[in-house]
Amino acid sequence: MAATRTKPSAREIFTTLEYGPVPESHACALAWLDTQDRHLGHYVNGKWLKPEHRNSVPCQDPITGERLAICLQAQAEDVVAAVEAAGTAFENWSGLPGASRAQHLLRLAKMIQKHQRLLWTLESLVTGRAVREVRDGDVPLAQQLLQYHAVQAYTQEEVLAGWEPMGVIGLILSPTFSFLEMMWRICPALAVGCTVVVLVPPASPTPLLLAQLAGELGSFPGILNVISGPASLGPVLASQPGVQKVTFCGAIEEGRALRRTLAGKGAELGLALGAESLLMLTEAADVDSAVEGVVDAAWSDRSAGGLRLLIQESVWDETMRRLQERMARLRGGRGLDGAVDMGARGAAAHDLAQRYVREARSQGAQVFQAGAVPSDSPFFPPTLVSDLPPASPCTQAEVPWPVVVASPFRTAKEALAVANGTPRGASASVWSERLGQALELGYGLRVGTVWINAHGLRNAEVPTGGCKESGSSWSGGPDGLYEYLRPSGTPARLSYFSENLNYGTFGLAVPSTLPAGPEIGPSWVGQSPGARATLLWALATALERREAALTSRLERHGTELKDAKVEVELSARQLRAWGARAQAQGHVLQVAGLKGPVLRLREPLGVLAIVCPDEWPLLAFVSLLAAALAHGNTVVLVPSGACPIPALELCQDMAALLPAGLVNVVTGDRDHLTRCLALHQDVQALWYFGSAQGSQFVEWASAGNLKPVWVNRGCPWAWDQEAKGAGRELGLRAARTKALWLPMGD
Amino acid sequence: MSARNRGTELDQVGGATEEGVDLPSSLHPTGMHTSGFGCFPMEPEALNLSWISKMQVNQPAVLRRAQQIQARRTVKKEWQAAWLLKAVTFIDLTTLSGDDTSSNIQRLCYKAKYPIREDLLKTLNMHDKGLTTAAVCVYPARVCDAVRALKAAGCTIPVASVATGFPAGQTHLKTRLEEIRLAVEDGATEIDVVINRTLVLTGQWEALYDEIRQFRKACGEAHLKTILATGELGSLTNVYKASMIAMMAGSDFIKTSTGKETVNATFPVAIVMLRAIRDFFWKTGNKVGFKPAGGIRSAKDSLAWLSLVKEELGDEWLTPDLFRIGASTLLSDIERQIYHHVTGRYAAYHDLPMS
């Protein structure tokens, strides 16, 4: 705006007191592009890879349209080369002592600090985001991530004993996600000893720059490889033999498609989907501060998505007035201007926002736009949508950047119902000065992160992730590390994909003998961990009372008497072990730069369906059940098909001891039951121990509500071994994390 | 930025140069009552405790906002120079020392009349704007000296006097009121009173309201600036409540601090006071001014204060009628920055006249 006018004199400005341009020089970004002759390829194995005969796309300044560079598009063979390089590097890198990896990560952090200006100007130049946010937010956080994970690498042998790095990790980023999202994921992966291949969208120079900075450290060239290419290469990367895990950051529907494509393929899939957030403003809130929270969430270039805003009816008018007043003072403009709140996000984001707003209007919504923002594309003004009918399609859809959709609620209970009534569950903030109310809402929200009286705070030490359709992949904190670890001794993941599996008919060979959906009782979330422990111990005692009967059942099934005895004995022990662990969950994090604690909570998944293996008919059943119950889940179990009787005997005791509906045991055709459970939208997680085909089906079908699934891929397990039957992996998978931020001060 | 503020209102350096410039109400877009020069002092509102009873300020959130404001808005080059000159017109040039005598008061008043070297202003084409500070601010016993000195300098800017047992306010109400009357008699047209912190800390809001009402009355035609001494109020919620009470009782300005407390003008406190001013404006239609004081020493700080007011209240408040900065050494740093902007060199101590 101001930049296009002729420069006003001090005398004129004295009268208008307007803001002037504060351009940040991007000469260093251009100079770096020049070192590549404005021709970017891929960065693989510590070298630039610029193969011939490839398509290329221009990398443009999103605001001026000026062509900054040409970017090569990868093809399948480039992906193969990158995965090979990462595989070779893994041999060395994973064998290093943690202390050496820590050193290397710290050197990379220093490297970033040395080139920080290049990093923030390049990122702001090519993405159009406000340079202030990249400079003051992203770049320091990228360094902090490396430093935090260096410490984790240093203590790995001690703290993470019994776990080993997975291997080569594939990371797929979609265009709306910044280089910081890449840092959140490569840092833990590299720290624990994995190596990474990142597939970035065309024309994303910043990840390439980071790979170059890592490569120039010299010692371990292949640990971070970045290739740039179209989204269609995602499945190619994911199904490369050797890739053990794929993390995908992108849109929900893309994640769903990838989940289906990767069913039965080797790699495990972690999803971090969508970018929408939620803000709940109660009548007990400091409304002005909450309005700043809305600005942080939607109009400050911090988040890639929009915001759903729930306002208590009694403060609706006051809040809307303050919001509109505040919006008028927002400034938009070229991202490289140091005094703008919002930059631009490119034509795609602009069109998405415009489509959404047009749709909302046509469905009867009120749209308010304000702020000093250039009127031409790709700029889009801060937008506040209200009066959107609750049942309209727009209310259900994900809110795009930079739109805020406000809707009223009457009571805190209703607010929770509305907030939890969307399929997404990434992050939310609660604004209330009443401690009791704030905590009630914070605990009740089904999301990965909750901030009380703040929005959008992030820290390397705090796990960040989501639930429901936002995907259950975590980054940061201890949870981020476990994403790239597996229990020591686990065989490498190979593809077990079967072409012959017909998803449409799997499990339909036997006519249905059971109701389509299981009858689910209320969860026992309200029960204290102590009460859960007591019940599990009581169940163990009941099981011991049946020892003779259970042993003979197992014997009749063909188990040796000695083994049968062991199985019954171990089963009782598992119940007690998990009962004891029920009490020790979650902990408090102290975070640098935040006054007040962050609680890392471990919450139940909800309804957890478990298809038990045929082997160890009692022990496997009890182990899985105990872990699930200890974490507060409601369970639907399908017992061993070959020998269901011991499990059913135990059900008699459970009926007497446990609340009705907490444990539901269903028997029948396993494939059919698996089908029902895997396709059930209200089953929040599924563990499957059965055939390879069943595993593949479960992975495919889980795309429906993107429930986390855990399958054995047709391989039998040694349930009598501590690591399997009572291992930490079981505990990790039986609950989900929530980070609850509690800033304090008076 | 917005067209409606490009009117004559701001061209006149906010009317600070001529005493008694009556700003027609049409210049105020809302047509609302504004305190400040030429306008009648603020009429008190009836005490309404429901305006403060529910209010809770979230301190960590306000702290975050305070950090952001400083990082999000900067001005450079011509803009910086213009903003700094504007900041000069907001300054209450202050000396509040035990060793003040008529000679340094006289020097202060001349500096108030000629805040920036003439040749520097000429280069910026600002010499004909009649640039002065907004007022001078002294102890009651020095009001006569200041009035005399300003008259001798041919300058019509107001003299502000602190009063009511400044800085602690721990004297009898009777003597505090008498102090105001005497200062007004001596020719002070603005009175900076300190509130009784005891009343805030013990939650005696009615008593606080009554006291300030009496200050208001004692001021007569003079303008009342109420110092909240926020460093001693204990919490931001108390700052909000005390601001609201002071405005209801008829203050023309609310002021952060005396400059004598250990914690003076800070951004978090300012944000809370500015929000209270906005709430009061929305409730009553009356615009009350804001004066941060104490610890504002650098030109850079002053720019941050300007943008803070611009962001929280808007351009309408960026006039000496509604915004003041209480400072003593700030002016010389601004002059030094202007010198650098004009000449490209840093000024030596002797390059700029002392105040």
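Per chain, residues are indexed from 1 in the order of the written sequence. Chain letters start at A and ligand numbers start at 1, both assigned in the order the entries are written. Local features in a predicted model are, by the rule used here, given only for residues with pLDDT of at least 70; side-chain atom pairs are given and counted only at 80 or more, and totals for whole chains, interfaces and linings are based on all residues. Calculated side-chain values reflect all of the structure's heavy atoms, with hydrogen atoms and water omitted.

As named in an unreviewed UniProt entry, chain B is Deoxyribose-phosphate aldolase, taken from Ailuropoda melanoleuca. UniProt positions are given in the numbering used here, feature names are shortened, and annotations may be inferred rather than shown by experiment. In UniProt, chain B has this text filed under Sequence similarities (unreviewed entry): "Belongs to the DeoC/FbaB aldolase family. DeoC type 2 subfamily."

With an unreviewed UniProt entry as reference, chain A is termed Aldehyde dehydrogenase 16 family member A1, source organism Ailuropoda melanoleuca.

1. A short note on the domain arrangement of chain A
All names here are of chain A. With domains assigned, chain A is organised as domain 1 (26-273), domain 2 (277-457) and domain 3 (528-591 + 605-737). The source of the domain bounds is an automatic or database domain assignment. On a C-alpha basis, the centroid separation for the pair domain 1 and domain 3 is 38 Å. Between domain 1 and domain 3, the residue contacts involve 15 residues of the former and 13 residues of the latter. Here the buried area means the combined drop in accessible surface, using a 1.4 Å probe, for two parts upon being joined, counting both sides. Each partner contributes to the roughly 1100 Å² buried at the junction of domain 1 and domain 3, and carbon and sulfur atoms together form 54% of this total. Of all residues in domain 1, Trp163, Arg259 and Arg260 bury the most surface against domain 3, accounting for 46% of the area lost on that side. Every case where a carboxyl oxygen of Asp or Glu lies within 4 Å of a side-chain nitrogen of Lys or Arg is listed as a salt bridge. The tally of links from domain 1 across to domain 3 stands at two salt bridges. Among the ionic pairs, Arg733 bridges to Glu268, the shortest N-O distance being 3.9 Å. Contacts are assigned to residue pairs with any non-hydrogen atoms lying within 4.5 Å of each other.

2. Section: the packing of aromatic side chains
Each pair of aromatic rings taken from Phe, Tyr and Trp, with Trp reduced to its six-membered ring, is defined by centres within 6.5 Å and is described as stacked if the planes are under 30 degrees apart, edge-to-face if over 60, and tilted in the remaining cases. Summed over the entire model, instances satisfying the criterion amount to 22 aromatic pairs over all chains. Ring centres of Trp93 of chain A and Phe220 of chain A lie 5.2 Å apart, and the angle between their planes is 65°; this geometry places the pair in the edge-to-face category. Taken together, the positions of Trp93 of chain A in helix H3 (residues 76-95) and Phe220 of chain A in the loop between helix H9 (205-215) and strand E9 (224-228) put the pair 127 residues apart, joining distant regions of the chain. Burial classification: accessible surface area is computed with a 1.4 Å probe over protein chains only, and a residue below 20% of its type maximum counts as buried, one above 50% as exposed, and the rest as partly exposed. Owing to a relative accessible area of 0%, Trp93 of chain A belongs among the buried residues under this scheme. Summarising the aromatic geometry, the rings of Phe689 of chain A and Trp719 of chain A are spaced 5.2 Å apart at their centres and angled 70° between planes, so their arrangement reads as edge-to-face. Separated by 30 residues along the polypeptide, Phe689 of chain A in the loop between strand E25 (685-688) and helix H25 (692-701) and Trp719 of chain A in the loop between strand E26 (709-711) and helix H26 (722-725) bring together distant segments of the chain. Judged by relative accessible area, which is 1%, Phe689 of chain A ranks as buried. Joined through ring pairs, the aromatic side chains of Trp687, Phe689, Trp710, Trp717 and Trp719 of chain A make up one cluster. For a ring to carry a charge above it, either NZ of a lysine or CZ of an arginine must fall within 6 Å of the ring centroid while also lying within 35 degrees of the normal to the ring plane. When the ring centre of Trp282 of chain B is taken as reference, the NZ or CZ atom of Arg321 of chain A above it lies at 3.9 Å. Helix and strand assignments follow DSSP, with helices taken as H or I runs no shorter than four residues and strands as E runs no shorter than two, numbered in order from the N terminus.

3. Here's the deal with the layout of surface pockets
Residues and elements named next belong to chain A. Put simply, the second largest pocket is a space of about 1200 Å³. The definitions used throughout rest on a 1 Å grid laid over the protein atoms alone, on which a cavity is an enclosed set of points accommodating a 1.4 Å probe that cannot get out and a pocket is an open set flanked by protein within 12 Å on both sides along at least five of seven lines; lining residues are those having an atom within 4 Å of a point. Forming the boundary of the second largest pocket are 50 residues, of which Glu268, Val709, Trp710, Glu729 and Arg733 lie nearest the centre. Of all the secondary-structure elements, those providing two or more residues to the lining of the second largest pocket are strand E11 (268-273), helix H18 (477-482), strand E19 (485-487), E25, E26, helix H27 (728-733) and strand E27 (735-741). A per-element tally of the lining of the second largest pocket places E11 first, with four residues. Both domain 1 (26-273) and domain 3 (528-591 + 605-737) contribute no fewer than three residues apiece to the lining of the second largest pocket. Grid points are joined across faces, edges and corners, and a volume is the space filled by probe spheres set on the points.

4. What about the pairing of E9 of chain A?
Residues and elements named next belong to chain A. Taking burial as the measure, the five residues of E9 include five buried ones, the bulk of the element. Burial of E9 is two-sided: the residues Leu224, Val226 and Ser228 facing one way and the residues Asn225 and Ile227 facing the other way are all buried. Pairing between two strands requires that DSSP report at least two bridges joining them. Direction of pairing for strand E8 (residues 195-200) relative to E9: parallel, over a ladder of five bridges. Each residue of the ladder has a partner; that of Val197, found in E9, is Asn225. With its strands directed away from the observer, a crossover is right-handed exactly when the path from the first strand over the helix to the second travels clockwise. With H9 bridging E8 and the parallel E9, this β-α-β connection has right-handed handedness.

5. Some words on a negative patch on the surface
On the surface, Glu555, Glu560, Asp563 and Asp720 of chain A cluster together into a negatively charged patch. Summarising the element assignment, Asp563 of chain A is placed in helix H21 (residues 561-581). Note on patches: the residues involved have over 30% relative accessible area and no salt bridge, like charges join within 9 Å, and the nonpolar side chains Val, Leu, Ile, Met, Phe, Trp and Tyr join within 5 Å. Under the convention used here, a 1.4 Å probe and the Shrake-Rupley method define accessible areas, while residue burial counts only the protein chains that appear. This count recognises Lys and Arg as positive and Asp and Glu as negative, with His and chain-terminal groups excluded. Lysine's charge is taken at NZ, arginine's at CZ, aspartate's at CG and glutamate's at CD.

6. A closer look at the sheet that holds strand E1 (residues 39-40) of chain A
Residue and element names in this part refer to chain A. Strand order in the open sheet formed by three strands is E1-E5-E4, with mixed pairing between adjacent strands. Each edge of the open sheet carries a strand with a single partner, namely E1 and strand E4 (56-60). Pairing geometry for E1 and strand E5 (residues 67-72), over two bridges, is parallel. Counted as the bridge partner of Leu40 is Cys71 from E5.

7. Points about helix H24 (residues 670-679) of chain A
All names here are of chain A. Where burial is concerned, most of H24 is hidden: seven out of the 10 residues are buried. Taken together, the buried positions of H24 are occupied by Arg670, His672, Leu673, Thr674, Arg675, Leu677 and Ala678. Elements that come into contact with the buried residues of H24 comprise strand E22 (607-611), strand E23 (634-638), E25 and H25.

8. Considerations on the interface of chain B and chain A
At the junction of the two partners, chain B supplies 49 residues and chain A supplies 49 residues. Overall, the association of chain B and chain A removes approximately 4500 Å² of surface from exposure, summing both partners, and the carbon and sulfur fraction of that is 54%. Arg278 of chain B is the salt-bridge partner of Asp288 of chain A, the closest N and O atoms lying 2.7 Å from each other. Any pair of nitrogen or oxygen atoms within 3.5 Å is treated as a polar contact; in protein, a donor-acceptor pairing is required on top of that, and neighbouring residues in sequence qualify only through side-chain atoms on both sides. Put simply, chain B and chain A have 20 residue pairs in polar contact (both at pLDDT 80 or more) between them. The set of elements that each furnish at least two residues to the side of chain B that touches chain A consists of helix H1 (8-11), helix H3 (59-72), helix H4 (77-90), helix H12 (267-284) and helix H13 (299-312) of chain B. Residue contributions to the side of chain B that touches chain A peak at nine residues, all from H3 of chain B. The nonpolar class holds Ala, Val, Leu, Ile, Met, Phe, Trp, Tyr, Cys and Pro. Asp, Glu, Lys and Arg form the charged class, and all remaining residues, Gly among them, are polar. Across the side of chain B that touches chain A, the residue classes tally to 20 nonpolar, 11 polar and 18 charged.

9. Considering the sheet that holds E26 of chain A
For sheets, the rule is that strands pair by backbone hydrogen bonds, running either parallel or antiparallel. All names here are of chain A. Reading across from one edge, E24-E23-E22-E25-E26 is the order of the five strands in this open sheet, with parallel pairing throughout. At either end of the open sheet lies a strand with only one pairing partner, and these are strand E24 (663-665) and E26. On average, adjacent strands in this sheet sit at an angle of 10° to one another, irrespective of strand direction. Inspection of the sheet shows E25 paired to E26 by three bridges, in the parallel sense. Of the residues in E26, the one forming a bridge with Leu686 is Val709. With axes taken as lines fitted to C-alpha atoms, and helix axes fitted only over the stretch in contact, angles between N-to-C directions fall between 0 and 180 degrees.

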